[in-house]
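Each chain, letter by letter, is given below.
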Amino acid sequence: MTEIRIYNTLTRKRDVLETRTAGKLGLYVCGPTVYDHAHLGHARVYVLFDSLVRFLESRGYEVTYVRNITDIDNKIIKRAQETGETCERVAGTFIESFNADMEALNVRRPTIEPRATEHVQEMIEIISKLVDAGTAYPLEGDVYFSVEGFEGYGKLSGRNLDQLMAGARVEVDTRLRSPHDFALWKASRPGEPSWDSPWGPGRPGWHIECSAMSLKYLGAGFDIHGGGLDLIFPHHENEIAQSEGALGEPFCRLFMHNGFINVNREKMAKSKANFFLISQILEHAHPEAIRLFLLGTHYRGPIDLLVTMDPDGTIREFPQVSEAQKRIEYYYETIGRLEKAAADGSADASLITKAAESFSDRVDASLCDDFNTARAVGHLNDFMKAANELVDGGGGGAAAARALEVLARCGDLFGIMQSTPEAFTRSVRDRKLAALRITAEQIEARIAARREARERKDWASADAIRDELAALGIELRDAGDTTRWTVRG
RNA sequence: GGCGCCGUGGCCAAGUGGUUUAAGGCAGAGGUCUGCAAAACCUCCAUCACCGGUUCGAAUCCGGUCGGCGCCUCCA
């Protein structure tokens, strides 16, 4: 089998994946800070790693996937103050929202979903070790990590302290040993959640939680740490510093970072108010269309999301996602044809065997090469064509069954084609009909009228009905003596 | 100021030295099929921002120019 190579931010090249323990793989992905609903950018990360885990498992790895929930942080506190709720309540609300979005997107639950607030003790232990070793120092109830006390500081992000100093444009806290020292522990202010610690009541800093939870569940030197590009510095850099400072051994073998979603070429971000929530996109497209859209670009590249709006500013559609949805419709249509052909055809499986095997190999090879899902989607399209060709040529039986098998495997990796053609078609159709305010019964009635006209060979009347429905966006497809219909858009 | 990324057909997007004189999708043109259509399938449609260099050979490596973006502050 082909070796799996993944671009490692630490080494800046595609490293061959060699796990700490053969056959097992520990993956840690920075999860959401639950102070607001998740946007498309979150969907990108979690769909990516969901698919990666599916792939690794298909390759025989026993994967332990840890994705934390940051349920204590400045923004949660701020939100709680604004709404008058407790931090716990705010976190609870958005955990629920996040889970609903992930479930809709068919993102499987990680093996372990630890919460920061349930691991404060573990964080305190790491901080204590660092304080004892002199790489961290208490200061008026806070505890700071001393970046100068850790030799490798900057190795992930490719910076050194001098460069950082030169570019520092944040207000310098003169109490610190170095302006880049970061808080491991923060003394709590009145009204804020607080935990007891050797340095007084307080709460953890942002970075320490990921060190504590990844090390607890995966141990030192675990295999892959993932997250968005923006976490490289300072978040992951600091995780490495504090973890390795406390352990005296390597923290993680490989760092994997995904690119952003942009809107009008600018990073989609809360601060720019140009973000789209997952739930907003779901109003306009099937979840599998969103997955295909996200996986249609290599994970390290940016995705520029296009949006069309009505003059009043309401979202009309996300063209790329709509396009992906049409592709998904085509996939299901092809699957439907194959199923039918498999049931009543009798062709030799060898008719498609070669295409099926090379398709599987190519998907595998693409994913082995820095998880290139975009290239794999290209191969999927090629194979869909071959499958339709098979059916067009009257092939079926074992050949069609074989095609369905390899497609199912690919669908499982991407988390698409997880429904049946009938169920999928119905769900898409119902959504579109609701928007058009037409019922299926009304359409069926017109189709029945057209059938009568066709039986009389009254082509003019039949075509009038076709045109009438077409004007509404209903497309008719005659196949023998039955007429199927679809809704455009 | 420092670190880094990107610029491929009308649009989206793979490809990081020859097997790709550039996958796949959308749009477009022609065709098969069809009462007409649709769907499906077939055919056609780019020399890779620009300049210079390295090489037998570069979209792919090096240098420069122009243009876009990210990180250095919470951020997927």
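Bear in mind that the values here come from a model prediction, so they are computed numbers and not experimental data.

**Q** Any details on the overall build of chain A? Residues and values, ideally.
**A** Within chain A, the secondary structure is distributed over 16 helices and 17 strands. Its C-alpha atoms give chain A principal-axis dimensions of roughly 90 × 55 × 35 Å. Classification of the 489 residues of chain A by burial places 50% in the buried group. Within chain A, residue pairs in contact and separated by at least 24 positions form 76% of the contacts whose partners lie at least 6 positions apart. Entry remark: accessible area of chain A is about 22,700 Å², with carbon and sulfur atoms responsible for 49%. For chain A, the separation between the mean place of its 60 positive charges and that of its 73 negative charges on side chains is 4 Å.

**Q** Can you break down the pairing of strand β2 (residues 13-16) residue by residue, with the values?
**A** Both strand β1 (residues 5-8) and β2 contribute to a ladder of four bridges, which runs antiparallel. Within β2, the residue paired with Arg-5 across the bridge is Val-16. Linking β1 back to β2 in an antiparallel pair, the connection comprises four residues, with Arg-12 at a positive phi of about 60 degrees.

**Q** Any chance you could break down the protein's contact with RNA strand B for me, citing the residues and the numbers?
**A** Near RNA strand B lie 54 residues; those nearest to it are Lys-75, Trp-206, Gly-228, Asn-372 and Asn-381. For RNA strand B, a sugar or linking oxygen lies 3.4 Å from a polar atom in the backbone of Gly-158. Measuring from a sugar or linking oxygen of RNA strand B, one finds a side-chain N or O atom of Asp-392 at 2.7 Å. Elements supplying a minimum of two residues to the surface near RNA strand B: α1 (40-58), α5 (161-167), β9 (222-228), α10 (319-344), α12 (373-392), α15 (440-455), α16 (459-471) and β16 (474-479). The element best represented in the surface near RNA strand B is α12, accounting for nine residues.

**Q** Just give me the short version of the domain arrangement of chain A, but keep the residues and values in it.
**A** When the domains of chain A are assigned, the result is domain 1 (5-136 + 153-173 + 188-193 + 205-272), domain 2 (321-421) and domain 3 (438-487). With centres defined by C-alpha atoms, the gap from domain 1 to domain 3 works out at 55 Å.

**Q** Before we move on, could you go through the sheet that holds strand β4 (residues 62-67) and cite the residues and values that matter?
**A** A sheet is described by the order of its strands in space; here four strands give the open sequence β4-β3-β9-β10, paired in parallel fashion. The sheet is open, and its two borders are formed by β4 and β10 (252-258), each paired with just one other strand. For this sheet, the mean inter-axis angle between neighbouring strands, taken without regard to orientation, is 20 degrees. Of the strands in this sheet, β3 (24-29), β4, β9 and β10 are in contact with α1, which crosses β4 at around 165 degrees. Running at roughly 160 degrees to β3, helix α6 (residues 206-218) makes contact with β3, β4 and β9 of the sheet.

**Q** Break down the sheet that holds strand β7 (residues 182-187) for me, with residues and values.
**A** A sheet is described by the order of its strands in space; here four strands give the open sequence β5-β6-β7-β8, paired in antiparallel fashion. Edge positions in the open sheet fall to β5 (136-139) and β8 (202-204), since each of these has one partner strand only. Averaged over all neighbouring strand pairs, the angle between strand axes comes to 20 degrees, with direction disregarded. Bridge count for strand β6 (residues 142-145) against β7 is three bridges, and the pairing is antiparallel. Pairing of Val-143 across the sheet is with Trp-185, part of β7.

**Q** Residues and numbers for the packing of helix α11 (residues 350-368) against α12, please.
**A** In a packed pair of helices, the relevant descriptors are the angle between the two axes and the axis-to-axis distance. It is the contact of α11 with α12, at a shortest axis distance of 8 Å, that shows an interaxial angle of 170 degrees. When the axes of α11 and α12 are compared, the pair comes out roughly antiparallel. Seen from α11, the contacting residues are Leu-351, Ile-352, Ala-355, Ala-356, Phe-359, Arg-362, Val-363, Ser-366 and Leu-367; seen from α12, they are Thr-373, Arg-375, Ala-376, His-379, Leu-380, Phe-383, Ala-386, Ala-387 and Leu-390. Looking at side-chain class alone, the contact of α11 with α12 contains 13 nonpolar, three polar and two charged residues.

**Q** Could you give an account of the packing of α10 against α12, with specific residues and numbers?
**A** Where α10 contacts α12, the two axes come as close as 10 Å, and the packing angle between them is 40 degrees. Where α10 crosses over α12, the handedness of that crossing is left-handed. Only Val-377, Leu-380, Asn-381, Met-384, Lys-385, Ala-387, Asn-388, Leu-390, Val-391 and Asp-392 of α12 make contact with α10, whose side of the interface consists of Arg-327, Tyr-330, Tyr-331, Thr-334, Arg-337, Leu-338 and Ala-341. Looking at the contact of α10 with α12 residue by residue, the classes come out as ten nonpolar, three polar and four charged.

Definitions and limits used
- Residues numbered from 1 in each chain as written.
- Chains lettered and ligands numbered in written order.
- Predicted model: local features only at pLDDT ≥ 70, side-chain atom pairs only at ≥ 80, totals over all residues.
- Heavy atoms only, no water.
- Helix = DSSP H or I, 4+ residues; strand = E, 2+ residues; numbered from the N terminus.
- Buried < 20%, exposed > 50% of the residue type's maximum accessible area, 1.4 Å probe, protein only.
- Contact = heavy atoms within 4.5 Å.
- Areas by Shrake-Rupley, 256 points an atom, 1.4 Å probe, with all protein chains shown as cover.
- Lys, Arg positive; Asp, Glu negative; His and termini not counted.
- Charge placed at Lys NZ, Arg CZ, Asp CG, Glu CD.
- Pairing = 2+ DSSP bridges.
- Near = heavy atom within 4 Å.
- Polar contact = N/O pair within 3.5 Å; in protein donor to acceptor, adjacent residues only side chain to side chain.
- Domains from an automatic or database assignment.
- Axes fitted to C-alpha atoms, helices over the stretch in contact; angles between N-to-C directions.
- Parallel < 35°, antiparallel > 145°, perpendicular 65-115°, else oblique.
- Nonpolar A, V, L, I, M, F, W, Y, C, P; charged D, E, K, R; others polar.
- Left-handed = near helix turned anticlockwise from the far one by under 90°.

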